[in-house]
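# Structural description and commentary
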Amino acid sequence: MTSRSLPHLFRARSHLLLRSQIRNPKPSSLPLKPLQRFCSSDASPPPPPPPTTQTPKVKIAGGGGVNPSPLYSSLDADEVAKFASIAETWWDFEGPFKPLHLINPPRLSFIRSTFCRHFRRDPYCARPFEGLKFIDVGCGGGILSEPLARMGAMVTGIDAVEKNIKIARVHAGFDPLTSSIDYSCTTAEQLVRENKMFDAVLALEVIEHVADPSEFCKSLAALTAPNGATVISTINRSVRSYAAAIVAAEYLLKWIPRGTHEWSKFLSPEELVMIMRRSSISVSFLHFSCLNIC
Ligand SMILES: C[S@@+](CC[C@H](N)C(=O)[O-])C[C@H]1O[C@@H](n2cnc3c(N)ncnc32)[C@H](O)[C@@H]1O
Ligand SMILES: [Mg+2]
């Protein structure tokens, strides 16, 4: 492979965002394939990419009412150790979290516009989320929490890694608009046990790092208030994502440490929709974007 082909690889990294409503469940209508190699650590070669990767938005309805298992823990010790080892680099724009800094503007734009519609807020207002309670699950160093707070939301940021939380607190303290973010080292399932609820629950780029994504999703659903919104984003499990997120990002460009991602833990759009629907989440938006780095 020549260096000239790398930009194409990165352009191909599919990124998936789902915004959903908990209330008013409707009968499901999307044909879904069963979960395969779900959460396994098998690194077998990838199958062909799903045919739908360029679909911008799909409206889907789901329904039900499921709570997470009382004994469930989303913590995967290896994943927590991986993130603890690079915690100091959260705000280094050229460090291992460079891909997250690069995808932040498009994902914030998606969140802002869909939330303004969902919560009937003025999209031209500087702080449209004034008065709304958001939680950023797996917030890391606060890359997402901070802009959400600047848009007026009362933000709680939680992460499994204590070091991340310390760094997020220090960084947020530099700006009066973000210093009110309530950071703590805990898990979504722990807050469910404490009966916490939020208008919006966001877990971006986290589901591929937890133990049992289905149970994790149930916790996110349980944290979402009636008429609230849940946003989950992850990397599509496709040939392109294997090439871009693993081969190129970890081995060729060495942007992120080797082993950061397990391809088998990525979710196809159909799998993510199925998991969300089984968690009583009615899926309203399916949004695909590609990271175009080079
Ligand atoms: C890829 S980073 C994403 C950070 C942030 N959501 C973003 O997109 O900017 C994944 C984060 O999830 C955290 N994490 C992993 N497992 C977790 C769990 N079970 N509960 C909460 N956070 C977790 C990691 O410590 C890490 O900060
Ligand atoms: Mg990741």
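All values derive from a computational prediction rather than experimental measurement.

### Points about the overall build of the protein chain
Scanning the protein chain from terminus to terminus reveals nine helices and seven strands. Per-residue burial over the protein chain gives 46% buried out of 294 residues. Within the protein chain, contacts between residues separated by at least 24 positions form 80% of all contacts whose residues are at least 6 apart in sequence.

### What about the site of ligand 1?
With respect to spatial proximity, 22 residues lie near ligand 1, and among them Ser74, Phe83, Gly138, Gly140 and Ala160 are the closest. With three residues, the single largest contributor to the shell around ligand 1 is helix α2 (residues 77-85). Broken down by class, the residue content of the shell around ligand 1 amounts to 13 nonpolar, six polar and three charged.

### As for the nonpolar core
Taken as a class, soluble globular proteins show a tendency for nonpolar side chains to be buried jointly. Counting residues in each nonpolar core, the largest one holds 66 residues, and the members touching the most others are Phe134, Val137, Val201, Leu202, Ala203, Leu220 and Leu223. With seven residues, the single largest contributor to this core is helix α8 (residues 239-252). Dropping the residues within four chain positions of it, Leu202 is found in contact with Phe134, Ile135, Asp136, Val137, Leu144 and Val231.

### Regarding the UniProt feature "binding site: S-adenosyl-L-methionine" (unreviewed entry) in the protein chain
When the UniProt feature table is mapped to this numbering, "binding site: S-adenosyl-L-methionine" (unreviewed entry) covers Arg107, Gly138, Asp159 and Leu204. When residues no more than four places from it in sequence are discounted, the contact partners of Asp159 are Gly138, Cys139, Gly140, Asn164, Ile165 and Cys185. With respect to the element layout, Leu204 can be found in strand β5 (residues 198-204). Sequence-distant contacts of Leu204, defined by excluding residues within four places in its chain, comprise Arg107, Leu144, Val231 and Ser233.

### Some thoughts on the pairing of β5
Remember that side chains alternate between the two faces of the sheet whenever the strand is regular. Counting buried positions over the seven residues of β5 gives seven, a clear majority of the element. Two elements, strand β2 (residues 133-137) and β5, share three bridges in a ladder whose sense is parallel. Among the inter-strand pairings, Ile135 is bridged to a residue of β5, identified as Val201. Pairing of β5 with strand β6 (residues 224-235) involves six bridges; the strand directions are parallel. In the strand pairing of β6, Val201 is matched with Thr230. Running through helix α7 (residues 213-223), the crossover from β5 to the neighbouring parallel element β6 is right-handed.

### Topic: the environment of Val239
With respect to the helices and strands, Val239 occurs in helix α8. On the neighbour-count criterion, Val239 (14 C-beta atoms within 10 Å) is partly exposed. When the C-alpha positions of Val239 and Thr224 are compared, they lie 33 Å apart, and in sequence the two are 15 residues distant.

### Considerations on unusual backbone geometry
For Glu205, which is not a glycine, the phi torsion comes out positive at approximately 60°. Overall, Glu205 belongs to the buried group, with 21 C-beta atoms counted inside 10 Å. We note that Lys254 has phi near 55°; this positive angle belongs to a residue other than glycine. In this structure, Lys254 sits in the loop between α8 and α9 (269-278). C-beta crowding within 10 Å serves as the criterion here: with 11 such atoms nearby, Lys254 is assigned to the exposed category.

### As for helix α3 (residues 98-118)
The end-to-end C-alpha distance of α3 is 30 Å, a good match for the 30 Å that 21 residues give at a rise of 1.5 Å each. At Asn104, α3 is bent by approximately 40°, the largest bend along its length, and proline Pro105 sits one to four residues beyond. Where α3 is concerned, the buried positions are Pro99, Ile103, Arg107, Ile111 and Phe115. The first or second residue beyond α3 is Arg120, which carries a positive phi of 50°.

### Overview of the environment of Phe266
Among the structural elements, Phe266 can be located in the loop between α8 and α9. For Phe266, the contacting residues outside a window of four places in its chain are Glu208, Thr234, Ile235, Asn236, Arg237 and Ser241.

### So, the UniProt feature "binding site: Mg(2+)" (unreviewed entry) in the protein chain
In the UniProt entry, the feature "binding site: Mg(2+)" (unreviewed entry) is given for Glu205, Glu208 and His209. Structurally, the position occupied by Glu205 is in the loop between β5 and α7. Excluding its chain neighbours within four sequence positions, the residues that come into contact with Glu205 are Leu100, Ser233 and Thr234. Here Glu208 lies in the loop between β5 and α7. Setting aside residues up to four positions removed in sequence, Glu208 forms contacts with Thr234, Ile235, His261, Lys265, Phe266 and Leu267.

### Digging into α9
Side chains three or four residues apart in an α-helix point the same way, a direct result of the helix having 3.6 residues per turn. Burial within α9 is extensive, with eight of its 10 residues counted as buried. Buried within α9 are the following residues: Pro269, Glu271, Leu272, Val273, Met274, Ile275, Met276 and Arg277.

Conventions adopted
- Residues numbered from 1 in each chain as written.
- Chains lettered and ligands numbered in written order.
- Predicted model: local features only at pLDDT ≥ 70, side-chain atom pairs only at ≥ 80, totals over all residues.
- Helix = DSSP H or I, 4+ residues; strand = E, 2+ residues; numbered from the N terminus.
- Buried ≥ 20, exposed ≤ 12 C-beta atoms within 10 Å, placed from the backbone.
- Contact = placed C-beta atoms within 7 Å.
- Near = placed C-beta within 6 Å.
- Nonpolar A, V, L, I, M, F, W, Y, C, P; charged D, E, K, R; others polar.
- Core = buried A, V, L, I, M, F, W, Y, C linked by C-beta atoms within 7 Å.
- UniProt positions renumbered as here; feature names shortened; annotations may be inferred.
- Pairing = 2+ DSSP bridges.
- Right-handed = clockwise from strand over helix to strand, strands pointing away.
- Expected span 1.5 Å × (residues − 1).
- Bend = angle between axes of the 7 residues up to and from the residue.

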